[in-house]
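Spelled out from the first residue to the last, the chains are:
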Amino acid sequence: MPVPGPGYSITVRLEAPPSASAAGDLTTAVGQAGGVLTAFDVVESHSDAIVVDITANVSSADHAEDLTKALNALPGVQVRKVSDRTFLMHLGGKLEVSPKVALRNRDDLSRAYTPGVARVCQAIAANPEDARRLTIKRNTVAVVTDGSAVLGLGNIGPSAALPVMEGKAALFKKFAGVDAWPVCLDTQDTEEIIRIVRALAPVYAGINLEDIAAPRCFEIEARLREQLDIPVFHDDQHGTAIVVVAALRNALRVVGKPIEKCKIVVSGVGAAGSAIIRLLLRKAPADIVAADIDGIVHSGRGNLDDNLSWVAKNTNKDNATGTLHDALVDADVFIGVSAPNLFGAEQVATMADNAVVFALANPDPEIDPLEAQKHAAVVATGRSDYPNQINNVLAFPGVFRGLLDAQAHHIDDEMLLAAADAIADVVDDRLNASFIVPSVFDAAVAPAVAEAVRAAARKEEVASTS
Ligand SMILES: NC(=O)c1ccc[n+]([C@@H]2O[C@H](COP(=O)([O-])OP(=O)(O)OC[C@H]3O[C@@H](n4cnc5c(N)ncnc54)[C@H](O)[C@@H]3O)[C@@H](O)[C@H]2O)c1
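A quick note: this is a predicted structure, and the numbers were derived from the prediction, not measured.

### As for helix α10 (residues 235–255)
The terminal C-alpha atoms of α10, which comprises 21 residues, lie 29 Å apart, in line with the 30 Å expected from a rise of 1.5 Å per residue. For α10, a buried count of 18 out of 21 residues is recorded, marking the element as mostly surrounded by other parts of the structure. In the stretch just after α10, G256 is the one whose phi turns positive, near 70°.

### Brief notes about unusual backbone geometry
Along the chain, T114 connects to P115 via a cis peptide bond; the corresponding omega equals 5°. Tracing the backbone shows P115 in the loop between α4 (106–112) and α5 (117–126). Here the amide bond leading from A214 into P215 is cis, since omega sits at 0°, within 30 degrees of zero. Relative to the assigned elements, P215 resides in the loop between β7 (206–209) and α9 (216–227). Positioned with a positive phi, D211 is a non-glycine residue whose angle comes to about 55°. Residue position: D211 is located in the loop between β7 and α9. Unlike most non-glycine residues, N341 shows phi in positive territory, near 50°. Relative to the helices and strands, N341 is located in the loop between β12 (333–336) and α14 (345–348).

### A word on the state of the cysteines
Per the counting criterion, the structure on display carries 0 disulfides. With no disulfide of its own, C184 has C217 as its nearest cysteine by sulfur position, at a separation of 17 Å. Overall, the relative accessible area of 26% leaves C184 in the partly exposed class.

### Notes on the UniProt feature "active site" (unreviewed entry) in the protein chain
Per the UniProt record, "active site" (unreviewed entry) is annotated on Y113 and K168. These annotated residues cover 56 residues of sequence, and their C-alpha atoms reach 30.6 Å apart at the extreme, placing them across more than a single site. Here Y113 falls in the exposed class, since its relative accessible area comes to 56%. Inspection of the secondary structure assignment puts K168 in helix α7 (residues 157–176). When its relative accessible area of 8% is taken as the criterion, K168 is described as buried. Those residues in contact with K168 that sit more than four places away from it in its chain are V143, N208, E210, D235 and F396.

### So, the environment of G398
For G398, the location among the structural elements is in helix α16 (residues 396–405). Separated by 30 residues in the primary sequence, G398 and D368 have C-alpha atoms spaced 31 Å apart. Discounting chain neighbours no more than four positions away, the residues touching G398 are A176, A446, V449 and A450.

### Some remarks on the site of the ligand
As a matter of local geometry, the ligand sits amid 19 residues, with V269, A271, A272, N362 and I390 nearest to it. Backbone polar atom of I293 to a nitrogen atom of the ligand: 3.2 Å apart, as the coordinates give it. Measuring from a nitrogen atom of the ligand, one finds a side-chain N or O atom of N392 at 3.3 Å. Contact with the protein chains covers 72% of the free accessible surface of the ligand, which is 860 Å². Along the lines of polarity and charge, the residues of the shell around the ligand split into 11 nonpolar, 7 polar and 1 charged.

### Some points on the sheet that holds strand β4 (residues 78–84)
An order of β2-β3-β1-β4 is seen for the 4 strands of this open sheet, with the pairing classed as antiparallel. The open sheet has two edge strands with one neighbour each: β2 (36–45) and β4. Neighbour to neighbour, the strand axes of the sheet diverge by 20° on average, direction disregarded. Examined bridge by bridge, β2 and strand β3 (residues 50–58) share 8 bridges and lie antiparallel to one another. Within β3, the position partnered with S45 by the bridge is I50. Sitting on the sheet, helix α1 (residues 22–32) is in contact with β1 (5–16), β2 and β3, with an inclination near 150° to β2. Across the sheet, helix α2 (residues 61–72) lies against β1, β3 and β4, angled at about 20° from β1, the strand it touches most.

### Digging into the packing of helix α8 (residues 190–200) against α9
Across the interface, α8 lies against α9 with an axial gap of 10 Å and an inter-helix angle of 35°. The chirality of how α8 crosses α9 is right-handed. Across from T190, E191, I193, I194, V197 and R198 in α8, the residues of α9 making contact are R216, E219, I220, R223, L224 and Q227. Of the residues that constitute the contact of α8 with α9, the class distribution is 5 nonpolar, 2 polar and 5 charged.

### Considering the pattern of salt bridges
In total, this model carries 30 salt bridges according to the counting rule given. For the salt bridge of E210 with K168, the shortest nitrogen-to-oxygen distance reads 3.1 Å. Of this pair, E210 sits in the loop between β7 and α9 while K168 is found in helix α7, placing the two residues 42 residues apart along the sequence. Accessibility assignment for this pair places E210 and K168 in one class, buried. Where E371 meets K374, a salt bridge forms, and the shortest distance between an N and an O atom there is 2.8 Å. We classify E371 as partly exposed; its relative accessible area is 27%. You can call K374 exposed: its relative accessible area is 53%. Counted as one network, the salt bridges with shared partners bring together R104, D107, D108 and R111.

### So, the UniProt feature "binding site: a divalent metal cation" (unreviewed entry) in the protein chain
With numbering aligned to this structure, UniProt lists the feature "binding site: a divalent metal cation" (unreviewed entry) at E210, D211 and D236. Spanning 27 residues, the annotated positions come together in the fold, the maximum distance between their C-alpha atoms being 6.7 Å. For E210, a relative accessible area of 6% translates into the label buried. Setting aside residues no more than four positions away along its own chain, E210 makes contact with V143, V144, T145, M165, K168, H234, D235 and D236. The residue D236 is located in helix α10 in this model. Every residue in contact with D236, bar those within four places of it in the chain, is listed here: L209, E210, D211, A271, A272 and N392. For D236, the side chain forms a polar contact with the main-chain nitrogen of D211, separated by 2.8 Å.

Conventions and cut-offs
Residues numbered from 1 in each chain as written. Predicted model: local features only at pLDDT ≥ 70, side-chain atom pairs only at ≥ 80, totals over all residues. Heavy atoms only, no water. Helix = DSSP H or I, 4+ residues; strand = E, 2+ residues; numbered from the N terminus. Expected span 1.5 Å × (residues − 1). Buried < 20%, exposed > 50% of the residue type's maximum accessible area, 1.4 Å probe, protein only. Disulfide = S-S within 2.5 Å. UniProt positions renumbered as here; feature names shortened; annotations may be inferred. Contact = heavy atoms within 4.5 Å. Near = heavy atom within 4 Å. Polar contact = N/O pair within 3.5 Å; in protein donor to acceptor, adjacent residues only side chain to side chain. Areas by Shrake-Rupley, 256 points an atom, 1.4 Å probe, with all protein chains shown as cover. Nonpolar A, V, L, I, M, F, W, Y, C, P; charged D, E, K, R; others polar. Pairing = 2+ DSSP bridges. Axes fitted to C-alpha atoms, helices over the stretch in contact; angles between N-to-C directions. Left-handed = near helix turned anticlockwise from the far one by under 90°. Salt bridge = Lys/Arg side-chain N within 4 Å of Asp/Glu carboxyl O.

Below, the structure is given as structure tokens:
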């Protein structure tokens, strides 16, 4: 059941009697209606009435309406207006462009724009690499989507995806000083997306693909990586994989198991699951068994696409068949990036002792974390209201900061693994079963990830030129 949270926060402006008990009556009514009061401001005061803004977290639109009715029903109270604070935050969008140079007079204008700018253009025409030195390319990333797999909302299209992409760009700036810009494409045709992104690439030093549905996302990323000389990174794949690998390294420290001895079950072999499996294989676990909506992935299963065929070939050493529940027996680790409520505490009981459970389906995990805790030693989810939140924000800002600083032309697994180690290292001696990853607000994370990625990228650049 949803609980009141800041994602659903309202401000109710109302008129109330100026009596000594008015404030108490109002706040009690909020609590009795199940809301969580976060602010109480008297905005006007008159001899016969006060005007108050009451801000509260609620759990849904219906809940907001119930709470408003409860306030309106108090004697002498009249609700004037209800504002949804989340919508208020999005009015007019969340980003703007602001010039870095002053344009005060003719002299400034002549250098920033014509005629002076022409010499800078000619310098870049003579040496295209100078674009990284003399233009916004140096610090700018495109956040590209076709709107086909947005959050848990599915295929809602490019316009509806824009608030998410704006938010992503804001996070890039806030956490790593990267200038990211939303590029929401009104096409879901693989060839057209590739052509458009290739054509707009000159402005950018990196491409962050976002919320593009599997399996199309695999081909788009692979082909763009071949065709472009800037890093292309699908965050739903690799951002997730980095944070999962980091969290797993620390979870296995908590339970004292080496990954080489662990059987890992991955539920969901879409964008996130495939990337997690590929990166985890670099850590040489005893085995990975993958399962999707049709059960365990094995080479004898029919209708395997290219992605699933690769997974079947590179996992499941014993060629096991059956359901997710079968796969869980004796598993040391469960990683879910699939669908809500797939199993319960009784299946966790069949896992090996000191099991690790990462139930990351959003917003509702594969298993209720409280159920998982009955038998598992470490539990993580994608949610902010439980400990151990696996959140891509830990990875992507620092990853791109490092890539841009190194002027990297590509990204590879070495850099992803370096980022994962950097995130895991930030936890250091604060490690325990409820703290396997740092907070997303830990200011040490993005610089540590950036430094690790920068070093890995530079090492490869040196190796490739020597
Ligand atoms: N940081 C995080 O916490 C994080 C990061 C990425 C994805 N996720 C979550 O993981 C889930 C998958 O994301 P994705 O982008 O990979 O999606 P996707 O659509 O690309 O893949 C979904 C996969 O889940 C499988 N699946 C669907 N229903 C299933 C069921 N009932 N039983 C077993 N398998 C089932 C599908 O067969 C597919 O392999 C989403 O809920 C997403 O929110 C969380």
